[in-house]
Amino acid sequence: MPDMTPSTSLAMTHFVTIAKEFDKDKVTPGVLGFIVFAVMGLAVWALMKSMNKHMGKVDFEEAPADDAKSPAAAPEAKKS
């Protein structure tokens with residue numbers, strides 16, 4: 001790998017030696033994995049709560065179904 005800098009090569013060497021110490025069948029996410037998952041869950045909950053609050057503020061009223069009151073029909077009514 002000629003593109004690797006000496007510091008990258010040194011870091012990769014340390015990771016490889018650490019990885020050899022672990023049993024591949026017993027590796028788990030650990031506490032850090034749980035913390036990351038919990039933070040992501042809390043973030044999703046907060047976003048959903050915020051979205052629900054913002055959607056509650058939306059006041060959407062549909063236009064009436066009556067064609068006589070529609071803006072397109074108004075100019076025609078004035079002509080006749």
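Residues numbered from 1 in each chain as written. Predicted model: local features only at pLDDT ≥ 70, side-chain atom pairs only at ≥ 80, totals over all residues. Heavy atoms only, no water.

*Asks:* Would you explain the overall build of the protein chain in this entry?
*Replies:* Of the regular secondary structure elements, the protein chain holds three helices and zero strands. Mapped from its N terminus to its C terminus, the protein chain presents α and β elements in the order α-α-α. Total accessible area computed for the protein chain in this model is approximately 8100 Å², and 67% of it derives from carbon and sulfur atoms. (Helix = DSSP H or I, 4+ residues; strand = E, 2+ residues; numbered from the N terminus. Areas by Shrake-Rupley, 256 points an atom, 1.4 Å probe, with all protein chains shown as cover.)

*Asks:* What's the story with the confidence of the model for the protein chain in this structure? I'm lost.
*Replies:* Close inspection of predicted coordinates is inappropriate for parts of the model with low pLDDT. Per-chain confidence: the protein chain averages 76 in pLDDT, with 55% of residues scoring 70 or above. Taken element by element, the protein chain is modelled with least confidence in helix α3 (residues 74–79), mean pLDDT 53, and with most confidence in helix α2 (residues 30–57), mean pLDDT 96. (pLDDT = per-residue confidence, 0-100.)

*Asks:* Help me understand a nonpolar patch on the surface in this model?
*Replies:* A grouping of Val31, Phe34, Ile35 and Val39 is seen on the molecular surface, where their side chains present a nonpolar patch of about 420 Å² in accessible area. Relative to the helices and strands, Val31 resides in helix α2. (Patch = residues over 30% accessible without salt bridge, like charges linked within 9 Å, V, L, I, M, F, W, Y side chains within 5 Å. Salt bridge = Lys/Arg side-chain N within 4 Å of Asp/Glu carboxyl O.)

*Asks:* Looking at this model, I keep getting lost on α2. Mind explaining?
*Replies:* The α-helix winds at 3.6 residues per turn, so residues separated by three or four positions along the chain end up facing the same way. With 28 residues, α2 ought to run about 40 Å at 1.5 Å a step, and its terminal C-alpha atoms sit 41 Å apart, in line with that. Burial of α2 is sparse: only zero of the 28 residues sit out of reach of the surface. (Expected span 1.5 Å × (residues − 1). Buried < 20%, exposed > 50% of the residue type's maximum accessible area, 1.4 Å probe, protein only.)

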